[in-house]
Amino acid sequence: MHDIRTIRDNPEAFDTGLKRRGLAPLSAALLEIDRGRRAAITQSEQAQARRKALSRQIGIARGKGEPTDALMAEVNGLDSVQKAAEKAAADAEAALAEQLAAIPNLPYADVPDGKDERDNKEIRRVGNPRNFAFDPKDHVVIGEGLGLMDFAAAARMSGARFVVIKGQLARLERALAQLMLDLHTAPAEGALGGYLEVDPPLLVRDNAVYGTTQLPKFGDDLFRTTNGYWLIPTAEVPLTNLVNDAVLDEKDLPLRYTAWTPCFRSEAGAAGKDTRGMIRQHQFPKVELVSITTPEQAAAEHERMTGCAEEVLKRLDLPYRTVVLCTGDMGFGAHKTYDIEVWLPGQNAYREISSCSNMGDFQARRMNARYRPREGKGTRFVHTLNGSGLAVGRTLIAVLENYQNEDGTVTVPAALRSYMGGVETIRAAKG
């Protein structure tokens, strides 16, 4: 959520930021609503002050036995004026809030300009794609060949964009999540660890998804129950909302949370994309990272969070690259985003496996999440950050495709074998 006072103080900077997002200037229209709101507030306050003054005059007049009919008539007229002004102010406040809620966050100065993913900038590449002595298969062929991945059964019970994973592949998926959680929750050592594991609700109310910016703009991309709850599209929602309407102490920041949850997305905005396999599912597991910081800590925390997510890929020895998203490809609530893309031999391409975003105070303003500074009076809005650490299903895809063997088996990465009971190779299910 944008601060109308900031827009009022520097409308040119606000419109410049919107232009970088590919949007038309909006400051003039917003400030016109704001002027009407402030004028109505002033009118209401003036009417109230005049009514108080008249009340005193009426009391004095009655004490002297003087007539008060004219004064009472003016009070009654002012009552109508005040109520009308209060309604006008409330209506303008609601209209302003509605418009501000629909405007994306503004990009930081170091975010590259661009229209789409083709304008994203690669900042590092780690590891080299494996040279196969055979034509590598994609995860669908591998999983179905093992008899441990069943899209047909999932379609019969749930429809498209679901999968049933069985046996050693189900254990491998669980092992990946456990590796991630163990890495992220280890005692903080410099650039790694220090996240508090949380088991959050999977159903949340309107205010929670509004606070993390999924509402009102992206309601069609979510699943909703018949009694008004939303299934979480990511654990970012409940983890960030842990500080909803809270006032924290600066000495306790940053706060770092992680959770392994199923996530649910209708993918209304992705119709026709990635229809094959597990790349884009309605239900998928993910390990999420969320940080709550001061404004001064946020940039360094963004780099740290991205490094934590990258470390998972390093432990698994999976080739990846990290890109900074351009203004046209960045999410609605982000000031700046790093995408981590893992190499998938079955697609002969790098594909997103994590997106780490610095949201600034954009979410905090919606949630009224604040902290008390060590020095000075009052409170300030916290800054929030979130990222995948990692998307577990896509990590499973990456392991299957990068560790596949010509005979259809899959070698278990060394970092996962202790979680797999010592299993080194996943073979086809018997029977």
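Residues numbered from 1 in each chain as written. Predicted model: local features only at pLDDT ≥ 70, side-chain atom pairs only at ≥ 80, totals over all residues. Heavy atoms only, no water.

**Q** Would you mind showing me how to read the overall build of the chain here?
**A** Across its full length, the chain holds 12 helices and 17 strands. Viewed in the frame of its principal axes, the chain has a C-alpha envelope of about 105 × 45 × 40 Å. In the chain, which comprises 431 residues, the proportion classed as buried is 49%. Look at the contacts in the chain between residues 6 or more apart in sequence, and 72% of them connect residues 24 or more apart. Roughly 20500 Å² of accessible area belongs to the chain as shown, and the carbon and sulfur atoms make up 49% of that amount. Taking the average place of the 55 positive charges on the side chains of the chain and the average place of its 57 negative ones, the gap between the two points comes to 2 Å. (Helix = DSSP H or I, 4+ residues; strand = E, 2+ residues; numbered from the N terminus. Buried < 20%, exposed > 50% of the residue type's maximum accessible area, 1.4 Å probe, protein only. Contact = heavy atoms within 4.5 Å. Areas by Shrake-Rupley, 256 points an atom, 1.4 Å probe, with all protein chains shown as cover. Lys, Arg positive; Asp, Glu negative; His and termini not counted. Charge placed at Lys NZ, Arg CZ, Asp CG, Glu CD.)

**Q** Mind showing me how you'd approach the side chain of Thr395 here?
**A** For Thr395, the position within the fold is in helix H12 (residues 392-402). Within polar-contact distance, the side chain of Thr395 engages the backbone oxygen of Ala391 at 2.7 Å. (Polar contact = N/O pair within 3.5 Å; in protein donor to acceptor, adjacent residues only side chain to side chain.)

**Q** Can you walk me through the domain arrangement of the chain in this structure?
**A** Much of the literature gives interface size as the accessible area that the parts lose upon coming together. When the domains of the chain are assigned, the result is domain 1 (4-102) and domain 2 (117-426). The centre of domain 1, based on its C-alpha atoms, is set 45 Å off from the matching centre of domain 2. Contacts between domain 1 and domain 2 engage five residues on the former and nine residues on the latter. Between domain 1 and domain 2, roughly 600 Å² of surface is buried when both sides are summed, and carbon and sulfur atoms account for 40% of that area. Of all residues in domain 1, Arg20, Arg21 and Ala101 bury the most surface against domain 2, accounting for 76% of the area lost on that side. Here domain 1 and domain 2 share zero salt bridges between them. Remark: the boundary between domain 1 and domain 2 carries six residue pairs in polar contact (both at pLDDT 80 or more). For the side of domain 1 that touches domain 2, the per-class residue count stands at two nonpolar, no polar and three charged. (Domains from an automatic or database assignment. Buried area = accessible area lost by both parts, 1.4 Å probe. Salt bridge = Lys/Arg side-chain N within 4 Å of Asp/Glu carboxyl O. Nonpolar A, V, L, I, M, F, W, Y, C, P; charged D, E, K, R; others polar.)

**Q** Explain the pattern of salt bridges to me, please; I cannot follow it from the model alone.
**A** Close approach of charged atoms allows side chains of opposite charge to pair. Under the definition given, this model contains 30 salt bridges. A salt bridge links Glu341 to Arg321; its shortest N-O distance comes to 2.7 Å. Placement of the pair is Glu341 in strand E11 (residues 336-344) and Arg321 in strand E10 (residues 320-324), with a sequence separation of 20 residues. We classify Glu341 as buried; its relative accessible area is 11%. By relative accessible area, Arg321 is classed as partly exposed at 23%. Taken together, the shared-partner salt bridges connect Arg8, Asp34, Arg37, Arg38 and Glu93 into one network.

**Q** When you look at the sheet that holds strand E13 (residues 370-372) in this model, what are you seeing that I'm missing?
**A** Strands in a sheet are paired, the pairing made by backbone hydrogen bonds, and the direction either parallel or antiparallel. One open sheet holds the three strands; their spatial order is E7-E13-E14, and the pairing between them is mixed. Strands at the two margins of the open sheet, each flanked by one partner only, are strand E7 (247-249) and strand E14 (380-381). Direction of pairing for E7 relative to E13: parallel, over a ladder of three bridges. Looking at the pairing, Val247 lines up with Arg370 of E13. (Pairing = 2+ DSSP bridges.)

**Q** Got a minute to help me understand the packing of aromatic side chains in this structure?
**A** Remark: the centre distance and the inter-plane angle together describe each pair of aromatic rings, the angle taken between the planes. For the structure shown, the criterion picks out four aromatic pairs. Seen in terms of ring centroids, Phe218 and Phe332 are 5.6 Å apart; in terms of plane orientation they differ by 80 degrees. Their pairing is edge-to-face. In this pair, Phe218 is assigned in the loop between helix H8 (206-211) and strand E6 (230-231) and Phe332 in the loop between E10 and E11, connecting sequence segments 114 residues apart. For Phe218, a relative accessible area of 27% translates into the label partly exposed. Between Phe332 and Phe362, the aromatic rings sit 5.9 Å apart at their centres with planes inclined by 65 degrees, giving edge-to-face as the arrangement. Remark: Phe362 occurs in helix H11 (residues 362-367) and Phe332 occurs in the loop between E10 and E11; sequence separation between them is 30 residues. Connected via pairs of aromatic rings, a cluster forms that spans Phe218, Phe332 and Phe362. (Phe/Tyr/Trp six-rings, centres within 6.5 Å; stacked < 30°, edge-to-face > 60°.)

**Q** So what exactly am I meant to see when it comes to the UniProt feature "binding site: L-serine" (unreviewed entry) in the chain here?
**A** With numbering matched to this structure, UniProt assigns "binding site: L-serine" (unreviewed entry) to Thr234, Ala235, Glu236, Arg265, Glu288, Asn386 and Ser388. Along the polypeptide, Glu288 turns up in strand E9 (residues 283-293). Overall, Glu288 belongs to the buried group, its relative accessible area being 2%. Residues contacting Glu288, with those up to four places away along its chain left out, are Thr234, Ala235, Glu236, Leu239, Tyr257, Thr258, Ala259, Asn386, Gly387, Ser388 and Gly389. Mapped onto the elements of the fold, Ser388 is located in strand E15 (residues 383-391). With relative accessibility at 9%, the residue Ser388 sits in the buried group. Residues within four places of Ser388 in sequence aside, it is in contact with Lys286, Val287, Glu288, Ala309, Ile353, Ser354, Ser355 and Cys356. (UniProt positions renumbered as here; feature names shortened; annotations may be inferred.)

**Q** Explain the nonpolar core here, please?
**A** One finds Leu169, Leu172 and Ile426 to be the most contacted residues of the largest nonpolar core, which totals 51 residues. Where this core is concerned, the elements lending two or more residues are helix H5 (139-146), helix H7 (167-185), E9, helix H10 (298-315), E11, strand E12 (349-358), E15 and H12. If near-sequence neighbours (up to four positions away) are discounted, Leu169 is found in contact with Gly143, Leu146, Leu148, Met149, Leu396, Leu400 and Ile426. Judged by nonpolar contacts, the second largest core, of 17 residues, contains Ala235, Leu248, Met367 and Tyr371. (Core = buried A, V, L, I, M, F, W, Y, C linked by side-chain atoms within 4.5 Å.)

**Q** Could you clarify how one ought to interpret the packing of helix H3 (residues 27-63) against helix H4 (residues 69-101) in this entry?
**A** Any two packed helices are characterised by the angle at which their axes cross and by the distance between the axes. Closest axis-to-axis distance for the H3/H4 pair is 8 Å, and the angle between their directions is 155 degrees. Regarding the angle of H3 to H4, the classification is roughly antiparallel. You can see that H3 and H4 cross each other, and the crossing is left-handed. The class makeup of the residues in the contact of H3 with H4 is 18 nonpolar, six polar and nine charged. (Axes fitted to C-alpha atoms, helices over the stretch in contact; angles between N-to-C directions. Parallel < 35°, antiparallel > 145°, perpendicular 65-115°, else oblique. Left-handed = near helix turned anticlockwise from the far one by under 90°.)

**Q** When you look at the side chain of Glu341 in this model, what are you seeing that I'm missing?
**A** A distance of 2.7 Å separates polar atoms of two side chains, one belonging to Glu341 and the other to Arg321. The contact partners of Glu341, leaving out residues within four places of it in the chain, are Pro319, Tyr320, Arg321, Val323, Tyr350, Arg351, Glu352 and Ile353.

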